[in-house]
Amino acid sequence: MNRNQGFTIPEILLPKKEIDPTKWAVVACDQFSSEPEYWDSVEKIVGNAPSTLRLTYPEAYLETGSKEERIETINRTMKDYLENGVFENIGRGLIYIERTFSDKKKAARKGLILAVDLEYYDYNKGSVSLIRATEGTIRERIPPRVAIRKNAPIEFPHILILIDDRSNSVLNAAGKAAKNIVYDFDLMKDSGHLRGSLINDEKETETICAALNALADKTAFRNRYGSDDVLLFAVGDGNHSLATAKTLWETRKLSLTAAERETDPARFALVEVNNIYDEGIVFEPIHRVLFDADIEALKQAFIRSAGITLTPCPLNNADLETLASGTTEKQQFYLFDEKNCWLAQIENPLSTITAGTVQSVLDAFLKTSDAKIDYIHGVSSTVTLGTHPGNIGIILPNIAKEEFFETVIRDGAFPRKTFSMGEATEKRFYMEGKLIK
């Protein structure tokens, strides 16, 4: 097995050519979690065809039916697919991904399928591991996922991992080597297009791996970030899924010999790696709405903790959109209720980014208040909710890509619900699988 810095070249399973890939590939299970009608429509599209819908557990269904029965059905279907020739083992290699979106104005996202080594991943707060979470891990979300994965013989990734590769050395090398197309199809429900190319030539894979290893060079990393704790892979999406794989690996390895631990398939998790500077990687801020909150008390909490200055301004959606779609040199955000709006300038930042400062103040405020909070995608939805009587809206700026790795290195994981990598239909669709038992 080719061992590199925190990753390896996996052995990949794909559906056989005669299987309809549009029905096979479904979006990540944590999307449309409050919209079971989306998944009901996927059920109708898939019908009786082989599909990853049968191999994953959409979170929209977590509160309906028997969880144990559904998990047993998933595991049984995985075994049936393995035994009845649904999969084709295409051997050990990397897959270069080109993902386009229904919005033709958006650039395609380039990616590389490989397997990360869970021995190099630590999702705990303060981690300095080679692979790290970028948002706080909610431990309560891990046990239900453990129940789903613990008896599964195969994994399918919706995990997106980011690398800090300004010269785009890794994906440029992968793109040049991507000659053997193994799938090329439209995704269901007008979600864009997916093309994958297998890279299994030894020299070409060595070139790609060398480019990845170079990003983990300690001297270069120290010169750039002033830290000896190299961060090669930052988990951009699917951190709780990766944390689940890590949790199960930590248990499983206790029963293995040292030699067995080196090659056990559960040690390695299949992921899609993206360059943070890729034009197809788009960050979107997640805004806040407080319910049954006292605006004057919240303003004073911000003034005491972060030294903000408040400038009254009209509630103009265009101005709010401008802030949310861009980045700012100075930390600032919009604060509003049903009657007033202010541009808040932060004089004493508590974090490297605005969202970190704001969340720190909100966490403290909520401990002494009866107010509730929700995290909202989109300016218009935030304005609609924030202007209801008794509510308060907060519009945050976007995250600058140049600050992303620096923030994780210096501050640790981002506050929860800081950013989203695209809209729901732009998330990863399940396609490749890997044995984990």
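Undergrad: Would you take a moment to explain the environment of P157 for this structure?
TA: Mapped onto the secondary structure, P157 falls in the loop between β8 (154-155) and β9 (160-163). Take P157: its relative accessible area is 3%, and that puts it in the buried class. For the pair formed by P157 and G433, sequence separation is 276 residues and the distance between their alpha carbons is 7.4 Å. The contact partners of P157, leaving out residues within four places of it in the chain, are L270, V271, R428, Y430 and E432.

Undergrad: I'm lost on the nonpolar core in this one. Help?
TA: Nonpolar side chains tend to gather and get buried jointly when the protein is soluble and globular. Membership of the largest hydrophobic core comes to 83 residues, with the highest contact counts inside it found for F233, L242, F333 and F404. If one sorts the elements of this core by residue count, helix α12 (residues 354-367) sits on top with six residues. Setting aside residues no more than four positions away along its own chain, F404 makes contact with T134, L162, A234, I276, F283, I399, F414 and F419. Residues A25, Y38, M78 and I154 belong to the second largest nonpolar core, which totals 44 residues.

Undergrad: Would you mind showing me how to read the pairing of strand β12 (residues 233-237) here?
TA: Consecutive side chains along a regular strand alternate between the two faces of the sheet. For β12, the buried fraction is high: five of the five residues fall into the buried class. By the bridge criterion, three bridges tie strand β7 (residues 131-133) to β12 in an arrangement that is parallel. Bridged to A133 within β12 is V235. Pairing of β9 with β12 involves three bridges; the strand directions are antiparallel. Of the residues in β12, the one forming a bridge with L162 is A234.

Undergrad: Explain the environment of S325 here, please?
TA: With respect to the helices and strands, the residue S325 is situated in helix α11 (residues 317-325). Taking the relative accessible area as the measure of exposure, S325 reaches 56% and is therefore exposed. Expressed as a C-alpha distance, the spacing of S325 and R288, which sit 37 residues apart in the sequence, is 16 Å. Engagement of the side chain of S325 in a polar contact is seen with the backbone oxygen of E321, the distance being 2.9 Å. A polar contact of 3.3 Å, which involves the side chain of S325, links it to the backbone oxygen of T322.

Procedures and definitions
- Residues numbered from 1 in each chain as written.
- Predicted model: local features only at pLDDT ≥ 70, side-chain atom pairs only at ≥ 80, totals over all residues.
- Heavy atoms only, no water.
- Helix = DSSP H or I, 4+ residues; strand = E, 2+ residues; numbered from the N terminus.
- Buried < 20%, exposed > 50% of the residue type's maximum accessible area, 1.4 Å probe, protein only.
- Contact = heavy atoms within 4.5 Å.
- Core = buried A, V, L, I, M, F, W, Y, C linked by side-chain atoms within 4.5 Å.
- Pairing = 2+ DSSP bridges.
- Polar contact = N/O pair within 3.5 Å; in protein donor to acceptor, adjacent residues only side chain to side chain.

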